[in-house]
Structures are given as structure tokens and as C-alpha cells.
Amino acid sequence: MTAPGSTAAPDGADERLLRTSPLRKLLGRPELGSVVGAVAVFVFFALVADSFLQTSSIGTVLYAASTIGIMAAPVALLMIGGEFDLSAGVMVTSSALVSSMFSYQMTANVWVGVFVSLLVTLGFGAFNGFMLTHTKLPSFIITLGTFLMLTGLNLGFTKLISGTVSTKAIGDMEGFASARKVFASYLTLGDVELKVTILWWAALVAIATWILIRTRFGNWIFAVGGEADAARAVGVPVVRTKIGLYLGVAFAAWVSGQHLLFSYDVVQSGEGVGNELTYIIAAVIGGCLITGGYGSAIGAAVGAIIFGMTSKGIVYAEWDPDWFKFFLGAMLLLATLLNAWVRKRAEATT
Amino acid sequence: MTAAQARATEDAESRGALVELDHVSKFYGNIKALTDVSLEVHAGEISCVLGDNGAGKSTLIKIISGLHQHDAGTFRIDGEDTVLANPRDALDRGIATVYQDLAVVPLMPVWRNFFLGSEPTKGTGPFKRLDVALMRETTRRELLRMGIDLRDVDQPIGTLSGGERQCVAIARAVYFGAKVLVLDEPTAALGVKQSGVVLKYVAAARDAGLGVVLITHNPHHAYLVGDRFVLLKRGAMSGSHTKDDVTLDELTRQMAGGSELEELSHELERAPAPDRLGGGPTGADTP
């Protein structure tokens, strides 16, 4: 033990720990790459688009970020657990369609449809998880299958029931007003309009982070993604953990789906295709390893903010929105490279 | 043997084996992976399983640790016939296994790895959470007790050396009250010094009263710490000894295949020296 007050390491610390400076600890965070990226994007659009810095655009950017962020949080957890969900995008639409069509066909209170939709959507998640853990096929294949099936079901059922590709309007039905309050209302602070999805987003990110770093389940998520065989050998319930992760994605898909429905009062059955990649990209920009075992929910939230800033920033800069995809691709590559570099630096022990 | 030692041995024998395999066999389809293998594990003793690659050592481990179930023979834990359903079942019965390469999750910090699968929690309901302070403190203390002075329990376990990782896994098993510790080739990929360190921890676990199964293909390591030796060859038992009735030379000879080794050394001796060593390009020495 070193004497207190001496020039050596403080009491209780190991003199070999010189390397762990605060900077190094910061570099070790999975979110770092995305935070640097977010600052860069912010500065860039602040310079090129005058209206980007107006207070009113805060609400717009955060809303765009929240619609992606709600899904990106559970998708990030799933990726840390070592799996993908390609069906996450269309599952949102399925959830909205079930809710809308059930209420309309049964002429029930819309809340009945909302809860039926929750059960059905969780069923989709359970199906993904069950198929994955019991067939041992890669999640890429399983959820690609679910993705295609749901895409077909969305269009097929909607056409069968309402004759067109969109659902009937449910705006005049019982419970619609209260459901809209929960899923699609907004409050105004000065000239900033904040949608309720931002609250859902913040809550989901907080819960996901809590689960990930402070619960047993979180420990298991890292373990099944990092080394599933080792996890199983020390008694981690690998199957339950993975099914739980898919249920998490399904729950967020339900929240997003209800927002989609109650923002308007009809749902287009072809929506949602392609969004699954957006969620995955947000998670990867946020520092999730594509191979699993590493990442954070907060990083995925920052990834979603980058999405929000880029998509709206291009509009504020009065550019052709077609440039959005280019920025996104460049962002993905840069963030991933930065993450890889940072991780290598942080893990270098010699 | 002194009187005290004799008494200790008697005690151990009257207590019976912690784990006993009696003519156990295992088939994968039409392949006999293991035939009629018997093994006893006693508290405070080290039972070594020796064998070359493909001798059936891994299959034996998988049966003891609950990953696979045996197809014939008897598997007793504390004298009771058992078929383990899964690794969790084995852990609950006090059998902890440290695998050669899948003992830990490399990207996770040491303290998370230490408690993986058996995490302590505090609080109730939705606020039930990991007792992080306890986890870190216990990890540091338990490793120190085993003589491992870790730089930082927060570092990913993948950054530790192979020997250190083995030791963490052993310390983990000891801490969680394992009665039987199964070690799969703990010294296989290690240098001489690191192997010595690991064997020291194996002996420490034995002295703590655990029954140890040490799987290895190194008779020198086995003889240093072992009390009983079982030799496997092509899935069958080719020898079973206690330390009293076998010498290191004999163990090495049997392990290496006995007469096969003699034949091999004979062949190697008579092999004619090649005309040109190395077989490199000949262009260099032609004018």
C-alpha cells in the first residue's frame, strides 16, 4: 500500500493503472464516435442553413429523431445481443393496420384495437425469437422471411378488407381523441413544438440503458451477443434472452405503429419498407458492433439525432432531399471507421 | 504413508466419490465417442484425464458438465444416479466447468464475466438491479485471494493473458461454491511459467477441498498435481492409476502410446539423412 499523500497512485489504486486517464475512459465509451459525428453534423448545418439554428427547428429535428429513435433503442439492444431484425420496419405498419382495422371492423372503442394490436405485434416478435432460437438459422434469414410475409400480409389484408391500399378513417370513433393524446399529441414551449413521441423516445432510451447496464438481463444481452456458447455454459438462459430482445423490438414497433395511426386517422399499407435498415444504421452509428456483444442504447439515440439533423438540415439548406441518402451512407462509413479506431485505441493495453 | 495421510485417505474413501463415472459410453450416431470409461473424483483430490487429440476427453467433459448426456453406464453424483439435463443443472449440483476457450466473454469487463449467469441483485420489482459495487469488490477480493493482482476489474477480459483468464474462471468456480471443478486443458496454450501459475491455482482449489478433474495431454503437468490418472485412447480407457502405483516415466510412456512410441523412435533413428537439407531452390549454387 502506498503511503497516503505520497506522489504515487492514490490510496487503493494500483500503480500500474497510469494508462486509464479520463480521456482514455472517454475514448472507451461506445457512444463517442456518434457524439463526435453529431457535433460535426450540427456545426455543418448550422453553417450552411440559416434556419437550422432557429428555436422552432429544434422541435422538428427532435421529432424526426424520435420516430427513428423509438425503434433504434430496442434494435440496438438486439444487435448487442448478436441478432438482426429486418422485419422491424414493416412491423410498425402491421401494428398500425391491426389496430385500425380491428377497431373499424368490430366498431369497437379504438383502445380495444390498440390493445389487440399490442398482443398481435408481440406475437410477431415472439415468432421471430422462437423461430431463431429453435431453428438455429441466422436471424438475417428468419427476419427477412418475416419481413416479406408481413409486407405481403399488410397489403393483402388491407385490400381484402377495405378494397384499397389504405385503411378506413377512424377519426370519428370512440376513444380516438384520448388515444391521439397518448400517441400523437404535442405540447408547445414558446415557439418550440414538442411531439409526445419525444417523451416515448426518452423513456425507451432510459429504460433500455437501465436494462443494459444495471440488470441481470442486460448482462445476459452482452454475453449472448459476445459469446453465446460461453454464456450458455455458465448458465445464462440464451433462448429466453433472445426472445426477450425480439419482444422489445415488437413493443417499440407497437408504439411507433400507434403513433403512425393516430397522427392521421388512416394507414397506408405499403409503408415501413426500408425503415428497418434505418434503425440498424442508427444503432451502428451509435457504436453497436455488427457482430454483437458491444454497444449502447444512448449511442443509438445519438445515431437517431444524426438522422433527424441530416434529414431536416437538408430541407433547411433548401437542397434536393435526394442528397439525404448520400449523407447517410457517408455518415455510416465515417462513424463505423471512427468507432473501430477508437475501440482499438481504447483496448490497446501494451 | 504417514498415519495422518492414511486416515485422510480412509476418510475420503468412506465419504465416497463426489462424482463417479462407471463404465460410461457415449455415441454420436454410429460413432462410438466414448466406451466404458470409469472415473472417480474425490474431495481434495485431483483426477487427471490424459489422452491425445480425439481420445474422447472433450466428450467426457461434456457429459460431466451437462452439455451432453451419456448413453450407457452410470453417472453418480454423491452416490446418486444422475442424468444432467443442461449446464445449469450441473452448476446447481456443484459441478463447475472451465472450458479451454469458451470460459469467458472477451468484450465484457472482468467483473461482469466473474458473475455472469449468477449475478447478485438488490432492490425489488422494477428497481431490481445488479449490485455493481458488491460485484466489483468481490471480483477484486476473490482474485487477490487466489493471488491474482488484477490491474483493473473494468478491463475487457479478452485483454488478459490466457493464464490470467484461466485463473479468473477458476476463482469464479471456487467462489460460487463448486464442489467439483472440471478443467479442460488449462495449460494447453500456455508457456512454461504461465502453466506453473495455473497449476498453482489448481492446487489451491484442491486444498480448498474441491474435487478437481484435470483434462490434459501433458503427463508432466498431470503428474505434478494429480492423485488419480485415467488414460484415454480412441474413446476407450487404456489405463487407470493412482499416484502410488505409477511413475512419471510410465505415465509418459503410456500416454505417448507405449510401444507405438518405441517404434516411432526406432523409425526416426534409422531415417536416412537427405542429400540436401531444406529443399530450397537450387539455382543459387549452380554456376
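A quick note: this is a predicted structure, and the numbers were derived from the prediction, not measured.

1. Focus: the overall build of chain A
Piece 1. When helices and strands are tallied, chain A shows 13 helices and 2 strands.
Piece 2. Here chain A has a C-alpha radius of gyration of 22 Å; the compact-globule value for 350 residues is 20 Å, and the two agree.
Piece 3. Along the first, second and third principal axes, the C-alpha set of chain A runs to 80 × 55 × 35 Å.
Piece 4. The 350 residues of chain A split such that 47% are buried.
Piece 5. At a minimum sequence separation of 6, the contacts of chain A that also span at least 24 residues come to 77%.

2. Some words on the packing of helix α7 (residues 176-184) of chain A against helix α10 (residues 238-263) of chain A
Residues and elements named next belong to chain A.
Piece 1. Remark: α7 packs on α10, axes separated minimally by 9 Å, with the N-to-C direction vectors making an angle of 125 degrees. Considering the angle they form, α7 stands oblique to α10. Between α7 and α10 lies a crossing of left-handed hand. For the pair α7 and α10, contact is made by A179, R180, F183 and A184 and by Q258, H259, F262 and S263, respectively.

3. Topic: α7 of chain A
Residues and elements named next belong to chain A.
Piece 1. Within α7 the residues assigned to the buried category are A179, R180 and F183. Along the long axis of α7, the arc covered by the buried residues comes to 105 degrees, so they all point the same way. Exposed side chains of α7 directed beyond 90 degrees from the buried face belong to A177 and K181.
Piece 2. Its buried side turned inward, α7 meets α5 (110-135), α8 (196-214) and α10.

4. A short note on the interface of chain B and chain A
It is common to report an interface's size as the accessible area lost on association of the parts.
Piece 1. In this complex, chain B contributes 24 residues to the contact, which on the side of chain A involves 24 residues.
Piece 2. Every element with two or more residues in the side of chain B that touches chain A is listed here: α3 (87-92) and β8 (129-130) of chain B.
Piece 3. Partitioning the side of chain B that touches chain A into residue classes produces 13 nonpolar, 5 polar and 6 charged.

5. A look at the packing of helix α4 (residues 88-106) of chain A against helix α11 (residues 275-285) of chain A
Residues and elements named next belong to chain A.
Piece 1. Two elements in contact, α4 and α11, have axes whose closest approach is 5 Å; the angle formed by their N-to-C orientations is 125 degrees. Looking at the two axes, α4 sits oblique to α11. Of the residues in α11, those in contact with A88, G89 and V92 of α4 are N275, E276 and Y279.

6. What about the nonpolar core?
Piece 1. A72, A73, V75, A76 and A283 of chain A together with L181 of chain B are the most contacted members of the largest nonpolar core, which has 162 residues in total.
Piece 2. At 15 residues, helix α3 (residues 55-80) of chain A tops the list of elements feeding residues into this core.
Piece 3. If we ignore the near neighbours within four places in the chain, the residues touching L181 of chain B are A96, I170, A173, A205, L210 and V212 of chain B.

7. Digging into the confidence of the model for chain B
All names here are of chain B.
Piece 1. Summing up the model confidence of chain B, the mean pLDDT is 81 and the portion of residues at 70 or higher is 85%.
Piece 2. Here helix α1 (residues 3-15) stands out as the least confident element of chain B, with mean pLDDT 49; helix α4 (residues 110-115) is the most confident, with 91.
Piece 3. Considering only residues more than four positions removed or in separate chains, one finds that residues 4-14, a stretch of pLDDT under 50, has 5 contacts.

8. Looking at unusual backbone geometry
Peptide bonds are, in most cases, trans, and in most cases residues other than glycine have a negative phi.
Residues and elements named next belong to chain B.
Piece 1. The backbone phi angle of D78 is positive, close to 50 degrees, even though this residue is not glycine.
Piece 2. Position of D78 among the secondary structure elements: in the loop between β4 (72-77) and β5 (80-81).
Piece 3. Judged by C-beta crowding, with 14 C-beta atoms within 10 Å, D78 ranks as partly exposed.
Piece 4. Of note in this structure, R234 is not a glycine but carries a positive phi near 50 degrees.
Piece 5. The topology assignment puts R234 in the loop between β11 (228-233) and β12 (236-242).
Piece 6. On the basis of neighbour counts, which here come to 12 C-beta atoms within 10 Å, the residue R234 falls in the exposed class.

Reading the values: the criteria
Residues numbered from 1 in each chain as written. Chains lettered and ligands numbered in written order. Predicted model: local features only at pLDDT ≥ 70, side-chain atom pairs only at ≥ 80, totals over all residues. Helix = DSSP H or I, 4+ residues; strand = E, 2+ residues; numbered from the N terminus. Rg over C-alpha atoms; globule rule 2.2 N^0.38 Å. Buried ≥ 20, exposed ≤ 12 C-beta atoms within 10 Å, placed from the backbone. Contact = placed C-beta atoms within 7 Å. Axes fitted to C-alpha atoms, helices over the stretch in contact; angles between N-to-C directions. Parallel < 35°, antiparallel > 145°, perpendicular 65-115°, else oblique. Left-handed = near helix turned anticlockwise from the far one by under 90°. Arc of directions from axis to C-beta. Nonpolar A, V, L, I, M, F, W, Y, C, P; charged D, E, K, R; others polar. Core = buried A, V, L, I, M, F, W, Y, C linked by C-beta atoms within 7 Å. pLDDT = per-residue confidence, 0-100.

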